[in-house]
Amino acid sequence: MLSKSTKLKITVLLLGFAILLLLMCGSLIFGYANTNLKIAYDAFTSFDGSNEHIIIHNVRLPRALIGAVVGASLAIAGAIMQALTKNPLASPSVFGINAGAGFFIVVAVSLFYVDSLQAYTWIAFAGAATTAFVVYFIGSFGREGLTPMKLTLAGAAMAALFSSLTQGLLVVNESALDQVLFWLAGSVQGRKMESLLSVLPYVAPAIILSMILSQKINVLTMGEDVAKGLGQRTGFVKLTAALIVIVLGGGSVAVAGPIAFIGIVIPHFARFLVGNDYRWIIPYCAVLGGALLVFADILARFIVMPEEVPVGVMTALIGTPFFVYIARRGFGQK
Amino acid sequence: MKKYFKLRIASDKFSFLIDKKTVVTSAVLSAVVLAIFIISTGVGEVIISPLNVVKTLFGFGTEMDNLFIFSFRLPRIIIALLVGICLAVAGAILQGLIRNPLASPDIIGITGGGSVAVVVFFMLFSNKNNALTVSIEWIPVAAFLGATILGLLVYLLSWKNGSSSIRLVLIGIGLSMLTQSLTTLFMIKGPIYQAAQANVWITGTVYAANWEQVRIMLPVVLILLIISMISVRNVNIQELGDELATGVGSAVQKNKLFLLILSTALTGCAVAFAGAIGFVGLMAPHIARRLVGSSFGSLLPVSALIGALLVMVADLIGRTLFSPLEVPAGVFTAAIGAPYFIYLLFKTRNS
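The rules behind the values
Residues numbered from 1 in each chain as written. Chains lettered and ligands numbered in written order. Predicted model: local features only at pLDDT ≥ 70, side-chain atom pairs only at ≥ 80, totals over all residues. Heavy atoms only, no water. Salt bridge = Lys/Arg side-chain N within 4 Å of Asp/Glu carboxyl O. Helix = DSSP H or I, 4+ residues; strand = E, 2+ residues; numbered from the N terminus. Buried < 20%, exposed > 50% of the residue type's maximum accessible area, 1.4 Å probe, protein only. Expected span 1.5 Å × (residues − 1). Polar contact = N/O pair within 3.5 Å; in protein donor to acceptor, adjacent residues only side chain to side chain. Contact = heavy atoms within 4.5 Å. Phe/Tyr/Trp six-rings, centres within 6.5 Å; stacked < 30°, edge-to-face > 60°.

S.K.: Could you give me a rundown of the pattern of salt bridges, with the residues and numbers involved?
M.R.: Within the structure shown, the criterion is met by five salt bridges over all chains. For A:D297, the salt bridge is made with A:R63, and the minimal N-O distance between the two is 2.8 Å. Taken as a pair, A:D297 in helix α12 (residues 278-302) and A:R63 in helix α3 (residues 51-85) lie far apart in primary sequence, 234 residues in all. There is no split in this pair, since A:D297 and A:R63 are both buried. B:D315 is paired through a salt bridge with B:R76; the nearest N and O atoms lie 2.7 Å apart. Highlighted residues: B:D315 in helix α13 (residues 296-320) and B:R76 in helix α3 (residues 63-98), separated in sequence by 239 residues. Accessibility classification places B:D315 together with B:R76 in one group, the buried group.

S.K.: Explain helix α10 (residues 234-256) of chain A residue by residue, including any values.
M.R.: All names here are of chain A. Across its 23 residues, α10 extends 32 Å between first and last C-alpha, which sits within 8% of the 33 Å expected from 1.5 Å per residue. Along α10, 17 of the 23 residues are buried, which leaves the element largely enclosed by surrounding structure. Where α10 ends, the next residue or the one after it, G257, has phi of about 80 degrees, a positive value.

S.K.: For the side chain of A:Q232, give the residues involved together with the corresponding values.
M.R.: All names here are of chain A. Within the secondary structure layout, Q232 lies in the loop between α9 (224-229) and α10. Among the residues examined, Q232 registers a relative accessible area of 12% and is labelled buried. Within polar-contact distance, the side chain of Q232 engages the backbone oxygen of K216 at 3.0 Å. Once residues within four sequence positions are removed from consideration, Q232 is found in contact with K216, V219, L220, A227 and V237.

S.K.: Hey, could you go over the packing of aromatic side chains for me, with residue numbers and the actual values?
M.R.: For the structure shown, the criterion picks out 15 aromatic pairs over all chains. With centroids separated by 6.4 Å and ring planes inclined at 70 degrees, the aromatic side chains of A:W280 and A:Y284 adopt a geometry described as edge-to-face. Residue A:W280 and its partner A:Y284 are both found in helix α12; the two are separated by four residues, about one turn of the helix. Here the two residues A:W280 and A:Y284 agree in accessibility, since each one is buried. With a centroid separation of 5.8 Å and 70 degrees between ring planes, the pair formed by B:F68 and B:F72 is classed as edge-to-face. Taken together, the residues span about one helical turn, with B:F68 and B:F72 both in helix α3 at a distance of four residues. With relative accessibility at 47%, the residue B:F72 sits in the partly exposed group.

S.K.: Describe unusual backbone geometry, listing the residues and the values that go with them.
M.R.: Positioned with a positive phi, A:F261 is a non-glycine residue whose angle comes to about 80 degrees. Along the chain, A:F261 turns up in the loop between α10 and α11 (262-274). One non-glycine residue with positive phi stands out, namely B:F279, at about 70 degrees. Among the secondary structure elements, B:F279 is positioned in the loop between α11 (252-274) and α12 (280-292). Taking the relative accessible area as the measure of exposure, B:F279 reaches 2% and is therefore buried.

Printed below as a string of structure tokens:
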């Protein structure tokens, strides 16, 4: 028998999923070219090659799917990082993982003239992994081990380093600037289905794995000693979790560029809804993160119509007040 | 031998304890700064020997040397010097204030505020042909305003029954992320070459500095430096921590605001003339602390000299090593700064 609260959680999760689907439909039909649900429906059932149908097929559908996947990935990565580091501000962007992956890609574009999507994916993973490793390593120097403050500073410093170096490269190579500037702001606009398909084989298993691992993460959040006492191989769990973070963070950057704040905002919101049980937090993060990014992307089309704001800027605008709120509340409080 | 000697002025109205080690260190550093100054003035597309540089500076140069040194190189090097001083002193004050050795104006977003302002400036004041509609000399004002507004915003948002250091850092990091995405947004909105122009500036460079800029910057920097030296005691007290500082009778919150404004103004000044040169505000005070200890009376001048050295050397490397390509000084300060930062985190790991 399911308890009442479990039923409620499932209901809310399904509701969230419905909202995500609705938003994705919205993402299909809203935009500069006017379309409606009927046209979108026809585009899939009886494709006739008209402009609207092509837009929906080739532009809006990939965009909606990418938004959902990237949003979900970032939110889950944030949730796991917050659990692992006990730092409420942990997220791929604060820890410099976005900036690191971005830097690697800019190096590849401007110095090695790489332009294959498949290569972007691997380069982004490499950048994310390198940065994550360095930040984690620096953050855990010393007797106290990993402290939230040290980690945040290490992350901020690495982010500052990578963005300076990225800018430096772009100053020297202006044609690369043209190529990557829009990407650097974080955007799901104009992304092709292929770029999603090139990361999906890694990102999808990582999302599933995160749900499988959630019970172990629950144990780990009780503290390393307790977890060990309960017989958990904490090293193994942490390593797997780190791997998930790298794949999700790197994959998102490869597809959509560095999008900030979703990894901070959504896990907190999920925790607010379902408490501290990661078996619930992670699926909630997946659904809500996807919904937030798709929603921000729809908003981004209308704010300065007919132009578009990169969605990374939208999430920053939505996310900063929230970040300030958490920072004011401080570390270590619920 | 005593470590200090006393300096009393106006029948004990003012007294200073002067640390001998500081005097020696400062003297040595000043000599190094001077040497780099002369070498840097001499090096470039046309190389002028140090002796001829000195001759020219004293007014006995050939016409060619005069042209190169006075028209092209000198303003640039003076700006580099001043920018280094500003960033280093701003960093030293900020670190004392926040009591975290890893805080610096770039990490808490003050330089980011300047960057946004400059990009917005490019966007607002360009006409259809992408020419600026107002004089480019207003850019420093915009940068200064941007940095100051961001500094105040960080302070205000971190206010909660007083302003705590940790909150200042965290909120600064958050806002600096916001400034980054806003900067990119405005760069995208403009045409690409404008973005390129803004990008050079954001990376931080003293390229194309001129005498007019020196004339504006020099007095401002001097005044801010004098104020900083006078405020030294407050920083020293602030370093004890909020409770203890209150206990010894310091108006903690008032001083905190004042010092933050001072640090912001110094950063704004640097950002205004050279863009967002990173990591100097972090490195210089540290190196200084290792040399002369953490009393601010000694720390400030020594940091200032080291800061000047860092930016001058970064600029020298940037314009010679990859010649004819100009690499912005900010790239080199970041490249030296980040490993240094890691080293610092390692050093302070148990504190």
